[in-house]
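A closer look at the structure
These are the residues of each chain, in order.
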Amino acid sequence: RKEVEQDPGPFNVPEGATVAFNCTYSNSASQSFFWYRQDCRKEPKLLMSVYSSGNEDGRFTAQLNRASQYISLLIRDSKLSDSATYLCVVTTSYDKVIFGPGTSLSVIP
Amino acid sequence: GAVVSQHPSRVICKSGTSVKIECRSLDFQATTMFWYRQFPKKSLMLMATSNEGSKATYEQGVEKDKFLINHASLTLSTLTVTSAHPEDSSFYICSAEPGTSEPGELFFGEGSRLTVL
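All values reported here derive from a predicted model rather than from experimental measurement.

Things to note about the environment of R59(A)
- Mapping R59(A) onto the fold places it in the loop between β6 (55–57) and β7 (60–65).
- Each C-alpha atom, one on R59(A) and one on I75(A), is 5.7 Å from the other, the two residues being 16 residues apart in sequence.

Shown next, in the form of structure tokens:
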């Protein structure tokens with residue numbers, strides 16, 4: 001089983017739609033969780049950290065469920081500019097950073 | 001946020017030559033930098049962890065004699081692809097963690113696209 005798994009997609013959604021991405025991780029001792037965004041042929045950029053209490057940043061909401069070893073990212077009111085690959089990132093107890101394979105999102109006019 | 005600069009952004013070379021890629025942290029000191037490789041439509045694969053003043057730590061399956069890493073200062077790490085072959089063509093990205101950030105909060109260079117003919 002891979003350490004971090006994501007639905008590869010692609011997710012094709014119309015503008016204004018709400019879309020949710022899921023991510024699961026296998027190491028129960030994982031400590032920190034993040035969502036990164038990567039545009040085509042560009043470097044990844046940190047989108048947001050994920051906390052147990054959940055956190056929201058504008059149209060983006062991230063949730064962590066430690067019991068189920070599950071992370072989610074919800075995007076509301078999708079914009080064309082949200083089209084990208086979203087990478088789930090997990091750090092282990094010894095600070096190793098593990099990237100998920102990414103989920104591709106295309107927002108369609 | 002913190003700035004990491006990578007150079008060159010694109011390089012084309014002949015098979016058998018060596019290519020050096022530089023990764024600089026512009027506004028912070030980085031005792032540790034990371035080098036990744038990314039194939040089309042795939043996620044980042046960690047190649048090695050670059051440690052200032054000491055040898056790099058390579059991931060399993062990555063040839064240390066093929067991918068030479070030097071981290072001579074707190075703001076510069078270099079990756080040299082030696083005797084490059086077409087299968088080395090890829091997108092190479094570096095990242096660094098500012099000391100004030102938490103593990104996993106990475107800042108990436110712009111990436112270097114290597115094409116070996």
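Structural notes on the interface of chain B and chain A
- Between chain B and chain A, the contact holds 17 residues from the first and 19 residues from the second.
- Across the chain B/chain A interface, buried area totals approximately 1,500 Å², and carbon plus sulfur atoms make up 56% of it.
- Three residues stand out in chain B for area buried against chain A, namely S43(B), P103(B) and F108(B), and they jointly supply 29% of the buried area on that side.
- Counting across the interface, chain B meets chain A through zero salt bridges.
- One can count three residue pairs in polar contact (both at pLDDT 80 or more) joining chain B with chain A.
- For the side of chain B that touches chain A, the elements supplying multiple residues, two or more each, are β4 (32–38) and β9 (90–96) of chain B.

A look at empty space enclosed by the protein
All names here are of chain A.
- If you walk through the whole model with that rule in mind, you get one cavity of 30 Å³ or more.
- There is about 30 Å³ of room inside the largest cavity.
- What lines the largest cavity is E3, V4, Y25, N27, S30, V90, T92 and I98.
- Looking at the lining of the largest cavity, its residues break down into four nonpolar, three polar and one charged.

Things to note about the sheet that holds β7(A)
Residue and element names in this part refer to chain A.
- Sheet architecture is open: five strands sit in the order β1-β3-β8-β7-β6, paired in antiparallel fashion. The open sheet has two edge strands, β1 (4–6) and β6, and neither has a second partner. Strand-to-strand twist in this sheet, taken as the mean axis angle between neighbours without regard to direction, amounts to 15°.
- Examined bridge by bridge, strand β3 (residues 19–25) and strand β8 (residues 70–75) share six bridges and lie antiparallel to one another. Each bridged residue has a counterpart across the sheet, and for C23 the counterpart in β8 is I71.

Describing the nonpolar core
- Counting 25 residues, the largest nonpolar core has V4(B), W35(B), F67(B), L79(B), Y92(B) and L114(B) as its most contacted members.
- Those elements that place two or more of their residues in this core are β2 (10–13), β3 (19–25), β4, β5 (44–51), β7 (67–73), β8 (76–81), β9 and β11 (112–116) of chain B.
- What L114(B) contacts, discounting residues up to four positions off in sequence, is V11(B), C13(B), V19(B), V81(B), D88(B), S89(B), S90(B) and Y92(B).
- Ranked by size, the runner-up nonpolar core spans 24 residues in total, among them V13(A), L73(A), Y86(A) and C88(A).

A word on the pairing of β4(B)
All names here are of chain B.
- Counting buried positions along β4 gives six out of seven residues, so the element sits mostly inside the fold.
- Two strands pair when backbone bridges link them, and β4 and β5 are joined in this way by seven bridges, in the antiparallel orientation. Bridge pairing in β5 places W35 opposite A48.
- With antiparallel pairing between neighbouring strands as the criterion, β4 and β5 make up a hairpin whose turn holds five residues, including K41 at a positive phi of roughly 60°.
- In this sheet, β9 lies alongside β4 in antiparallel orientation, the contact comprising six bridges. Residue pairing for β9: Y36 is matched across the bridge by I93.

Analysis parameters
Residues numbered from 1 in each chain as written. Chains lettered and ligands numbered in written order. Predicted model: local features only at pLDDT ≥ 70, side-chain atom pairs only at ≥ 80, totals over all residues. Heavy atoms only, no water. Helix = DSSP H or I, 4+ residues; strand = E, 2+ residues; numbered from the N terminus. Contact = heavy atoms within 4.5 Å. Buried area = accessible area lost by both parts, 1.4 Å probe. Salt bridge = Lys/Arg side-chain N within 4 Å of Asp/Glu carboxyl O. Polar contact = N/O pair within 3.5 Å; in protein donor to acceptor, adjacent residues only side chain to side chain. 1 Å grid on protein atoms, 1.4 Å probe; cavity = no way out; pocket = protein on both sides within 12 Å on 5 of 7 lines; lining within 4 Å. Points joined across faces, edges and corners; volume = space filled by probe spheres on them. Nonpolar A, V, L, I, M, F, W, Y, C, P; charged D, E, K, R; others polar. Pairing = 2+ DSSP bridges. Axes fitted to C-alpha atoms, helices over the stretch in contact; angles between N-to-C directions. Core = buried A, V, L, I, M, F, W, Y, C linked by side-chain atoms within 4.5 Å. Buried < 20%, exposed > 50% of the residue type's maximum accessible area, 1.4 Å probe, protein only.

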